[in-house]
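Residues per chain are reported as follows:
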Amino acid sequence: MAPKQLLTIVALVLAATVANGALTRRVACPDGKNTATNAACCALFAVRDDLNNNLFNNECGDEAHESFRLTFHDAIAISPALEAQGQFGGGGADGSIAIFADIETTFHANVGLDEVIETQKPFLQRSNMSVADFHSIAAQNDIDPTIPRTPFDSTPNLMDGQFFIETQLRGTSFPGQGGIQGTVTSPLKGEFRLQSDHLLARDSRTACEWQSFGTDQAKLQNRFQFIFEAMGQLGTDPTTLIDCSEVLPVPPALPASSIPHFPAGKSNKDIEQACAETPFPTLPTQAGPQTAVPKVPVD
């Protein structure tokens, strides 16, 4: 789930805080087109355009989803305790998943990420940036290799709350093979569901917050921005970083037709209510035959 206008977040969220450099007045960038509050951010405009035009093709397709996953998996692999003991534990958002791709991409959780790392190498080389300063909406490719590019919700090209609505729907069948570790049944044909998402949506400690994201677009976007920024700083000293988020384009509002809804064929009776404090909201049901979710397009 992500609009094409946010695609630069996928590969530049870590670059939005570039290491070192002193804050200055707004400066004219050497490209003659852009200005920045810090000269260190100027180089990112060209990187942004290169990624959007030549890697993502200005679409929220397979490369965008995989790049987003790459950043997430690099950042969450952090274990200072193991590192202090001289063992490999991951250093957070440090680019190690690309630097040590022959090791880290063999971990079960990282299966398939070696492909996007290879795809991104020419872009990294052209950028003249370190791997830690370069990186990375969601679908599965390799958990069930028989059904690649299977999305987790019915609107994988929009940064909306449908994922949080649909993960609370009662699962009925697997979209591909059944019995794969870490997966559970999903409510829609062509939609994939991870066991971790299923449990978070139903755990009493997280259910109410999860439910709220389905209908509160502003809250969803604000929390996403805050959490992803924090994740991008794992393993780093924030005082040594520069905020270059001005490089990212401001996304337009969702189209008026994009309102929280139940997929065709589903309604409140299909919800597995988990939030004890707030009833699940009454939503309209999409018209038409029962929803079948298409695969994420190949870039």
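Remember, predicted model here, so these are calculated numbers, not experimental data. (Residues numbered from 1 in each chain as written. Predicted model: local features only at pLDDT ≥ 70, side-chain atom pairs only at ≥ 80, totals over all residues. Heavy atoms only, no water.)

Draft legend 1. Fine view of the confidence of the model for the protein chain. With 82% of its residues at a pLDDT of 70 or more, the protein chain has an overall mean of 80. Per-element mean pLDDT across the protein chain ranges from 38 in helix α1 (residues 7-12) up to 97 in helix α10 (residues 207-213). Counting contacts from residues 1-24, a segment whose pLDDT is below 50, to residues more than four positions away or on other chains yields 101 contacts. (pLDDT = per-residue confidence, 0-100. Helix = DSSP H or I, 4+ residues; strand = E, 2+ residues; numbered from the N terminus. Contact = heavy atoms within 4.5 Å.)

Draft legend 2. Region of interest: the UniProt feature "site: Transition state stabilizer" (unreviewed entry) in the protein chain. Mapped onto this structure's residue numbering, the UniProt feature "site: Transition state stabilizer" (unreviewed entry) falls at R69. Residue position: R69 is located in helix α3 (residues 62-76). Other than its neighbours up to four places away in sequence, R69 contacts A109, N110, V111, G112 and L113. (UniProt positions renumbered as here; feature names shortened; annotations may be inferred.)

Draft legend 3. Here's a closer look at the nonpolar core. Formed by 16 residues in total, the largest nonpolar core has its most connected members in A36, C41, L51, C244 and V247. Sort the elements by how many residues they give to this core and helix α2 (residues 43-55) lands first, with five residues. (Core = buried A, V, L, I, M, F, W, Y, C linked by side-chain atoms within 4.5 Å. Buried < 20%, exposed > 50% of the residue type's maximum accessible area, 1.4 Å probe, protein only.)

Draft legend 4. How the structure looks around the packing of α3 against helix α11 (residues 217-231). Where α3 contacts α11, the two axes come as close as 9 Å, and the packing angle between them is 55 degrees. Viewed along their axes, α3 and α11 adopt a mutual orientation that is oblique. Taking contact as the criterion, the partners of F68, T71, F72, A75 and I76 in α3 are, on α11, F224, F228 and M231. For the contact of α3 with α11, a count of residues per class yields seven nonpolar, one polar and no charged. (Axes fitted to C-alpha atoms, helices over the stretch in contact; angles between N-to-C directions. Parallel < 35°, antiparallel > 145°, perpendicular 65-115°, else oblique. Nonpolar A, V, L, I, M, F, W, Y, C, P; charged D, E, K, R; others polar.)

Draft legend 5. Just the packing of aromatic side chains, in detail. Here the structure, examined in full by the defined rule, presents seven aromatic pairs. Ring centres 6.1 Å apart and planes at 40 degrees place the aromatic pair F152 and F192 in the tilted group. Highlighted residues: F152 in the loop between β5 (150-151) and α8 (162-166) and F192 in the loop between α8 and α9 (195-200), separated in sequence by 40 residues. Among the residues examined, F152 registers a relative accessible area of 11% and is labelled buried. For F192, a relative accessible area of 5% translates into the label buried. In this structure an aromatic cluster arises from ring pairing among F163, F164, W210 and F213. (Phe/Tyr/Trp six-rings, centres within 6.5 Å; stacked < 30°, edge-to-face > 60°.)

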